[in-house]
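# Understanding the architecture of this molecule
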Amino acid sequence: MEHAQASEVDVRHYISMLDREVATWPGLACGIVRRPGEGVVLNVVRIGSALNSVEIACRRVDGIDWYAWASDGELIGAVDFVEDVAAAIARVLTERADA
């Protein structure tokens, strides 16, 4: 598998799409931030639990752009499936809150 960073324009577009989708989920808040060495990421927090947060980045693998956990680079879903990715993020943050 070939790993690369998606272009900066693509990353901003994909992160913006995910930002809009995650913002529709009750109990979640999000914002786009620039991290040194990482570029643009989406920071998502569970409302009422500021320590319960994740950051999402974009990665290109074998020519396909994916959303990935910024912490470890694990792929979440292709950028074409933004609703599924938002659901996965909500699920992870909910599981952490319930743990």
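Residues numbered from 1 in each chain as written. Predicted model: local features only at pLDDT ≥ 70, side-chain atom pairs only at ≥ 80, totals over all residues. Heavy atoms only, no water.

### Considerations on unusual backbone geometry
Phi is positive for Asp 62, which is not a glycine, with a value near 50 degrees. On the secondary structure map, Asp 62 appears in the loop between β4 (49–61) and β5 (64–69). (Helix = DSSP H or I, 4+ residues; strand = E, 2+ residues; numbered from the N terminus.)

### Observations regarding the pairing of strand β2 (residues 28–35)
Pairing geometry for β2 and strand β3 (residues 39–46), over 8 bridges, is antiparallel. Counted as the bridge partner of Leu 28 is Arg 46 from β3. Counting the residues between successive antiparallel strands, the hairpin from β2 to β3 contains 3 residues, one of them, Gly 37, with a positive phi of roughly 80 degrees. (Pairing = 2+ DSSP bridges.)

### What to know about the environment of Cys 58
If you trace the backbone, Cys 58 turns up in strand β4. Note: C-alpha distance between Cys 58 and Gly 77 (19 residues apart in sequence) is 9.9 Å.

### Observations concerning the pairing of β5
Pairing of β5 with strand β6 (residues 75–78) involves 3 bridges; the strand directions are antiparallel. Following the sheet pairing, Tyr 67 is matched in β6 by Gly 77. What sits between the antiparallel neighbours β5 and β6 is a turn of 5 residues, in which Gly 73 has the positive phi angle 80 degrees.

### Quick notes on the side chain of Asp 19
By secondary structure assignment, the location of Asp 19 is in helix α1 (residues 8–22). For the buried Asp 19, no salt bridge is present, and the opposite-charge side chain at shortest range is Arg 20, 6.4 Å distant. The residues touching Asp 19, leaving out its near neighbours within four places in the chain, are Cys 30, Gly 31, Ile 32 and Leu 42. (Buried < 20%, exposed > 50% of the residue type's maximum accessible area, 1.4 Å probe, protein only. Lys, Arg positive; Asp, Glu negative; His and termini not counted. Salt bridge = Lys/Arg side-chain N within 4 Å of Asp/Glu carboxyl O. Contact = heavy atoms within 4.5 Å.)

### Some remarks on the pattern of salt bridges
All told, the structure shown has 3 salt bridges when counted by the stated rule. The closest approach of N and O atoms between Glu 55 and Arg 35, which form a salt bridge, is 2.6 Å. Within this pair, whereas Glu 55 is found in strand β4, its partner Arg 35 is found in strand β2, the two being separated by 20 residues in sequence. Here Arg 60 ties to Asp 65 by a salt bridge, and the two come within 2.8 Å at their closest N and O atoms. In this structure Arg 60 comes out as partly exposed when scored by relative accessible area, which is 24%. Judged by its relative accessible area of 8%, Asp 65 is buried. What you see here is one network of salt bridges that share partners, running through Asp 10, Arg 60 and Asp 65.

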